[in-house]
Amino acid sequence: MRVVLQRVKRAEVRVDSRVTGKIGPGFLVLAGFAPTDTEAQLGWMAEKILGLRVFADDQGKMNRDLAETKGSLLVVSQFTLYGDASKGRRPSFIDAAPPNLAIPLYEKFIALLKEKSAGKIPVETGEFGAMMDVELVNDGPVTLILER
């Protein structure tokens, strides 16, 4: 599993001008899945994201997590995180999970984020497989690449 996590002031996802997910301060999570991903990997990633202390404390140091700041999550599926552009000019996506495997992984990941946050952190989403417009205001900017 690969994730690009961005700390945002706000983020929004639209499909055909319809808003599917919208948050204020929090994390935009672009999530890609491999065919070999397991529930254990999904659980690890959910806990990692929820526990990351990248929000400023009273001294301005990155020392607070999402729950402490009352932030939100916007999770967007992105198979292109498994794109390989090392050869030629067109990326290969053979390392990405096909939709029949990726959809249940994506849904389970979202469920784990909700479960592990005990409902205290709002979780919004994009729409799997859709052409999406993703708009964000990166805060910092703070962007992390996570892989498990």
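Data block above holds the structure.
Predicted model only: the values in this text are computed from it and were never measured.

A. Structural view of the overall build of the chain. The number of helices and strands found in the chain is 2 helices and 8 strands. The helix and strand sequence of the chain, counted from the amino end, reads β-β-β-α-β-β-β-α-β-β. Against the globule reference of 15 Å for 148 residues, the chain gives a C-alpha radius of gyration of 15 Å, in line with a compact fold. Judged by the C-alpha coordinates and their principal axes, the chain covers about 50 × 35 × 30 Å. A burial count over the chain gives 42% of its 148 residues as buried. Within the structure as shown, the chain displays about 8400 Å² of accessible surface, and the carbon and sulfur contribution to it stands at 50%. Counting 20 positive and 19 negative side-chain charges, the chain places the averaged centre of each group 3 Å from the other.

B. Local environment of helix H2 (residues 99-116). Compared with the 26 Å implied by 1.5 Å per residue over 18 residues, the 25 Å span of H2 between its first and last C-alpha is a close match. Of the positions making up H2, those classed as buried are Ala102, Leu105, Tyr106, Phe109, Ile110, Leu112 and Leu113. Each buried residue of H2 sits inside an arc of 160° when the element is viewed along its axis, so together they form one side. Facing away from the buried side of H2 by more than 90 degrees, the exposed set consists of Asn100, Glu107 and Glu115. As for H2, its buried residues are in contact with strand E3 (26-32), helix H1 (39-51), strand E6 (72-77) and strand E7 (123-125). Of the residues one or two after H2, Ala118 is the one with positive phi, at around 55°.

C. Expanded view of the pattern of salt bridges. Summed over the entire model, instances satisfying the criterion amount to 10 salt bridges. Close ionic contact of Glu39 with Lys108 constitutes a salt bridge, the shortest N to O distance being 3.5 Å. Separated by 69 residues along the polypeptide, Glu39 in helix H1 and Lys108 in helix H2 bring together distant segments of the chain. With a shortest N-O distance of 2.8 Å, Glu47 and Lys116 are connected by a salt bridge. Residue Glu47 is found in helix H1, and its partner Lys116 is found in helix H2; the two are separated by 69 residues along the sequence.

D. Representation of the nonpolar core. One finds Val3, Phe27, Val29, Phe33, Ile49, Leu73 and Phe109 to be the most contacted residues of the largest nonpolar core, which totals 30 residues. For this core, the elements supplying multiple residues, two or more each, are strand E1 (2-15), E3, H1, E6, H2 and strand E8 (133-147). Top contributing element to this core by residue count: H2, with 7 residues. Look past the residues within four positions of Phe27 in its chain and what remains in contact with it is Leu5, Gln6, Arg7, Val8, Ile49, Leu52, Val54, Phe55, Leu66, Ser72, Leu73 and Leu74. By size, the runner-up hydrophobic cluster in this structure holds 10 residues, among which are Ile23, Leu74, Val76 and Leu81.

How each quantity is defined
- Residues numbered from 1 in each chain as written.
- Predicted model: local features only at pLDDT ≥ 70, side-chain atom pairs only at ≥ 80, totals over all residues.
- Heavy atoms only, no water.
- Helix = DSSP H or I, 4+ residues; strand = E, 2+ residues; numbered from the N terminus.
- Rg over C-alpha atoms; globule rule 2.2 N^0.38 Å.
- Buried < 20%, exposed > 50% of the residue type's maximum accessible area, 1.4 Å probe, protein only.
- Areas by Shrake-Rupley, 256 points an atom, 1.4 Å probe, with all protein chains shown as cover.
- Lys, Arg positive; Asp, Glu negative; His and termini not counted.
- Charge placed at Lys NZ, Arg CZ, Asp CG, Glu CD.
- Expected span 1.5 Å × (residues − 1).
- Arc of directions from axis to C-beta.
- Contact = heavy atoms within 4.5 Å.
- Salt bridge = Lys/Arg side-chain N within 4 Å of Asp/Glu carboxyl O.
- Core = buried A, V, L, I, M, F, W, Y, C linked by side-chain atoms within 4.5 Å.

By themselves these figures say nothing about function.
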